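Residue-level structure breakdown
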Amino acid sequence: MSGKLDIDGIGMTSQRARNRLADRLAKEGIHHAGVLDALRTTPRHIFIDEALAHRAYDDTPLPIGHGQTISQPYIVATMTQALVAEGKPRRVLEVGTGSGYQTAVLAALVEQVYSVERIAALQKRARERLRALRLRNVRFRHADGGFGWPEQSPYDAILVTAAPRFVPDELKKQLAPGGRMVLPVGGEGVQELVIVERGDADEFSQRTLEFVRFVPLVSGTARE
Ligand code: SAH
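Notes on the structure follow.

Here Gln152 lies in the loop between β5 (138–142) and β6 (155–160). By relative accessible area, which is 17% here, Gln152 ends up buried. Beyond its immediate sequence surroundings of up to four residues, Gln152 is in contact with Arg91, Tyr114 and Arg139.

See the structure below:
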């Protein structure tokens with residue numbers, strides 16, 4: 001990444017632009033005050049290429065290179081709200097760090113985030129951005145997140161930002177009793193955004209929140 005990050009922003013990337021985005025999402029059904037605050041304080045423009053920074057606070061996904069995209073703010077807000085709505089999880093696993101934007105929003109809300117990314121180059125940049133924002137409660141791992149991060153499990157919540165065909169059993173296993181997982185399911189194209197809840201024993205329940213479009217969860221790791 002070149003030079004210093006302009007965290008505060010100006011004009012199209014200013015605090016006013018962030019406030020406007022949060023107001024718009026509030027009208028679209030995001031009601032959790034903590035989530036709206038996190039969207040107001042997280043500078044999305046530093047998570048994308050400078051050439052696209054003027055679109056950072058449009059409610060739209062944008063390319064981040066390597067065939068990947070930074071998620072749409074509405075989707076980030078919806079998934080985050082689903083995770084924290086019924087009590088704040090303490091330890092959260094994120095699969096698919098990407099730009100690190102969703103990671104930063106989570107880090108503003110929960111105690112500890114563990115984030116796994118399969119593309120090393122994306123992970124490196126995300127790490128730099130979170131360091132610039134002084135978010136110190138995030139640990140990163142370069143690995144195939146389809147297998148989670150078993151050494152740090154169990155998690156109170158798991159958030160997956162790439163779509164597997166089915167809910168991965170490995171991830172279900174790493175969920176603490178009473179924990180919840182939010183993920184797109186269905187592979188390529190349109191997927192269901194699903195919330196999986198683990199009861200106090202070994203039973204799981206599942207319901208669909210809405211329909212979404214994510215990049216597929218890919219196995220293995222890559223440099224770039
Ligand atoms: N939340 C991110 C979304 C990035 S797109 C953001 O807003 O920027 C999804 C990300 O998941 C991509 O970076 C992709 O490389 C990653 N990914 C896909 N399959 C993966 C896997 N098996 N393990 C870890 N990361 C994976």
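Working definition: an aromatic ring pair is given by the centre-to-centre distance plus the angle between the planes. Applying the stated criterion across every chain, the model contains three aromatic pairs. Measuring from ring centre to ring centre gives 5.5 Å for Tyr114 and Trp149, while their planes differ by 85°; the resulting arrangement is edge-to-face. In this pair, Tyr114 is assigned in strand β4 (residues 112–117) and Trp149 in the loop between β5 and β6, connecting sequence segments 35 residues apart. Each member of the aromatic cluster is reached from another via a ring pair, and the members are Tyr114, Trp149 and Tyr155. Stacked on the ring of Tyr101, the Lys or Arg Arg44 has its end atom at 5.6 Å from the ring centre.

The next thing to look at is the site of the ligand. Around the ligand, the surrounding shell holds 24 residues, and the nearest of these are Ser99, Glu117, Asp144, Gly145 and Val218. Ser71 is positioned such that a nitrogen or oxygen atom in its backbone is 3.0 Å from an oxygen atom of the ligand. Between Val218 and the ligand, the recorded distance is 2.7 Å, taken from a backbone N or O atom to a nitrogen atom. Within the complex, 99% of the 580 Å² of free accessible area of the ligand lies under protein. Those elements that place two or more of their residues in the shell around the ligand are β2 (68–70) and β4. No other element matches the three residues that β2 contributes to the shell around the ligand. Each residue belonging to the shell around the ligand can be placed in one class, and the counts come to ten nonpolar, eleven polar and three charged.

Conventions used here
Residues numbered from 1 in each chain as written. Predicted model: local features only at pLDDT ≥ 70, side-chain atom pairs only at ≥ 80, totals over all residues. Heavy atoms only, no water. Helix = DSSP H or I, 4+ residues; strand = E, 2+ residues; numbered from the N terminus. Buried < 20%, exposed > 50% of the residue type's maximum accessible area, 1.4 Å probe, protein only. Contact = heavy atoms within 4.5 Å. Phe/Tyr/Trp six-rings, centres within 6.5 Å; stacked < 30°, edge-to-face > 60°. Lys NZ or Arg CZ within 6 Å of the ring centre and 35° of its normal. Near = heavy atom within 4 Å. Polar contact = N/O pair within 3.5 Å; in protein donor to acceptor, adjacent residues only side chain to side chain. Areas by Shrake-Rupley, 256 points an atom, 1.4 Å probe, with all protein chains shown as cover. Nonpolar A, V, L, I, M, F, W, Y, C, P; charged D, E, K, R; others polar.

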